[in-house]
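Geometric and topological summary
One letter stands for each residue in the lines below.
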Amino acid sequence: MADRYLSFATSRPGAALIGRLGLPRPARLVRHEPGRPVARGPVLLGESEGGRLGKPLRAALDSCGAEVPEAAEAPAALVFDATGVREARRLDQLHAFLHPRIRALAPCGRLLVLGTPPELASDPGESAAQRALEGFVRSAAKELRRGSTAHLLLVAPAAEDAIESTVRFALSARSAYVSGQAIRVGPGGRATAPEDWARPLAGRTALVTGAARGIGATVAEVLHRDGARVIGLDVPALGADLRDAMAPLAGAAVELDITADEAPARLAERLTGEAGGVDIVVHNAGITRDRTLGRMDADRWRAVLDVNLVAVERLTEALSPLLPEGGRIVLISSISGIAGNVGQTNYAASKAGLIGLAQALAPALAERAITVNAVAPGFIETRMTAAVPLLVRAAGRRLNSLGQGGLPVDVAEAVAYLASPGSGAVTGQVLRVCGQALLGA
């Protein structure tokens, strides 16, 4: 369903009226188009004294084709290496770089701050200073206007050469609806730069559950765009929709009830047989059966838990041994699993459970360089949200720093980033795709 307020606010007469009335002014977000540069203009780069990311960061920007001048009137991005901030007083260096430049940031610009995971700091003073970066970035993200976003990238020592995939994602239009989030690049991961960053998934096979429509269908499209061979899975009742979604992608369609007792074995057999294996598994299938707890019968409770969580556990147990080294598992959680939601105790429990599953599996599969991450969408414009009551839908769209709902492609871009071979040092993460929703921050 179209966001009429956004359409009005971004028209010339609407923008003028909304400005006079002091109402929220969401901006049209620039989203990724193949062939477009990573950074849409000049990138201004700053660093704290003693920072350790200067060379790898500059190498990543050069690889992206970014222009990095000494000064620019309307920079597309402001990037600051804060790894040298080892005590609170050195936070002044961050302020000194950004204060005179932040208001000049171009529309749909990017603010990227890089630091060290506080738990890996050398002493309490450095830990405090590095933890301060998260509060700073979350607040700065809420101050940005005109569709601009902010990201914090926490890079573990010895992971400096694994940052390029995340730098590309953060600076590009692929992260249009991600803001105010901290992404950790950990030690010990195996990040491999793809031969072609425009098609990083070439030669890989991806399974996407719940692929007949909505977010799942868009995830399949984006993974295919990035070079993957796609296998879509959905329930037999949506078989026609699934085949229609897979046809333009030359993808295989698997009709299967994932809650069936034999589903894991049947799917594993299909993937090892005619499919020839699988490299990426995206658990997107999910349902809602909303009621407040006192009105929720056992069938509604059990249906949601069975599809959204129990089936994912069973499928992952069966499929993870089939993944090769460097495989990827991405779980589609929800902001409801982080913040909770009225009438969704079953749904929120299942989606929170997926986060726990990702965090538990990540270290268990690290020896095989398999990453496990969760993506937590906020208010995304889908058939499901179109059915939400008008006032609730309006609130869902506005209660985030970008003042609008996201699109299925925003979730898909996050999945594709986590599925990339270059993201091998990012695991056990929960990446919120919510425009920095004001709930659950």
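Rules used throughout
Residues numbered from 1 in each chain as written. Predicted model: local features only at pLDDT ≥ 70, side-chain atom pairs only at ≥ 80, totals over all residues. Heavy atoms only, no water. Buried < 20%, exposed > 50% of the residue type's maximum accessible area, 1.4 Å probe, protein only. Helix = DSSP H or I, 4+ residues; strand = E, 2+ residues; numbered from the N terminus. Pairing = 2+ DSSP bridges. Right-handed = clockwise from strand over helix to strand, strands pointing away. 1 Å grid on protein atoms, 1.4 Å probe; cavity = no way out; pocket = protein on both sides within 12 Å on 5 of 7 lines; lining within 4 Å. Points joined across faces, edges and corners; volume = space filled by probe spheres on them. Nonpolar A, V, L, I, M, F, W, Y, C, P; charged D, E, K, R; others polar. Salt bridge = Lys/Arg side-chain N within 4 Å of Asp/Glu carboxyl O. Axes fitted to C-alpha atoms, helices over the stretch in contact; angles between N-to-C directions. Contact = heavy atoms within 4.5 Å.

Going residue by residue along strand 5 (residues 181–185), you find Q181, I183 and V185 tucked away on one face and A182 and R184 left uncovered on the opposite face. Relative to strand 5, strand 4 (residues 149–155) runs parallel, the two sharing 5 bridges. Across the sheet, residue L152 finds its bridge partner in strand 5, namely A182. Once the chain exits strand 4 it traverses helix 6 (residues 164–171) before rejoining the sheet at strand 5, and the crossover so formed is left-handed.

Another aspect to go through is the layout of surface pockets. Roughly 450 Å³ of internal volume is contained in the second largest pocket. Surrounding the second largest pocket, 26 residues form its lining, H32, V38, R168, R174 and W197 being those nearest its centre. The dominant element in the lining of the second largest pocket, judged by the number of residues it contributes, is helix 6, at 3 residues. A breakdown of the residues in the lining of the second largest pocket according to their chemical character gives 11 nonpolar, 6 polar and 9 charged.

Summed over the entire model, instances satisfying the criterion amount to 18 salt bridges. In this structure, the salt-bridge partner of E134 is R131, at a minimum N-O distance of 3.5 Å. One end of the pair, E134, and the other, R131, are both in helix 5 (residues 124–143), 3 residues apart, so they sit about a helical turn from each other. Note on R131: relative accessible area 46%, which makes it partly exposed. A salt bridge links R397 to E381; the shortest N-O distance between them is 2.7 Å. Highlighted residues: R397 in helix 14 (residues 390–398) and E381 in the loop between strand 11 (371–377) and helix 13 (383–386), separated in sequence by 16 residues. The same class applies to R397 as to E381, namely buried. Linked by salt bridges that have partners in common, R174, R225, D226 and E413 make up one network.

Before going further, it helps to spend a moment on the sheet that holds strand 2 (residues 77–81). Read across the open sheet, the 5 strands follow the order 1-2-3-4-5; overall the sheet is parallel. In the strand order of this sheet, the two ends are held by strand 1 (43–47) and strand 5, each with one partner. Between one strand and the next, the sheet's axes are offset by a mean angle of 20°, whatever the strand orientation. As paired elements, strand 1 and strand 2 share 5 bridges and run parallel to each other. Paired with L44 across the strands is L78, a residue of strand 2. Running over the sheet, helix 3 (residues 54–64) touches strand 1, strand 2 and strand 3 (110–115) and is turned about 170° from strand 1.

Interpretation in functional terms is not warranted from these geometric data alone.
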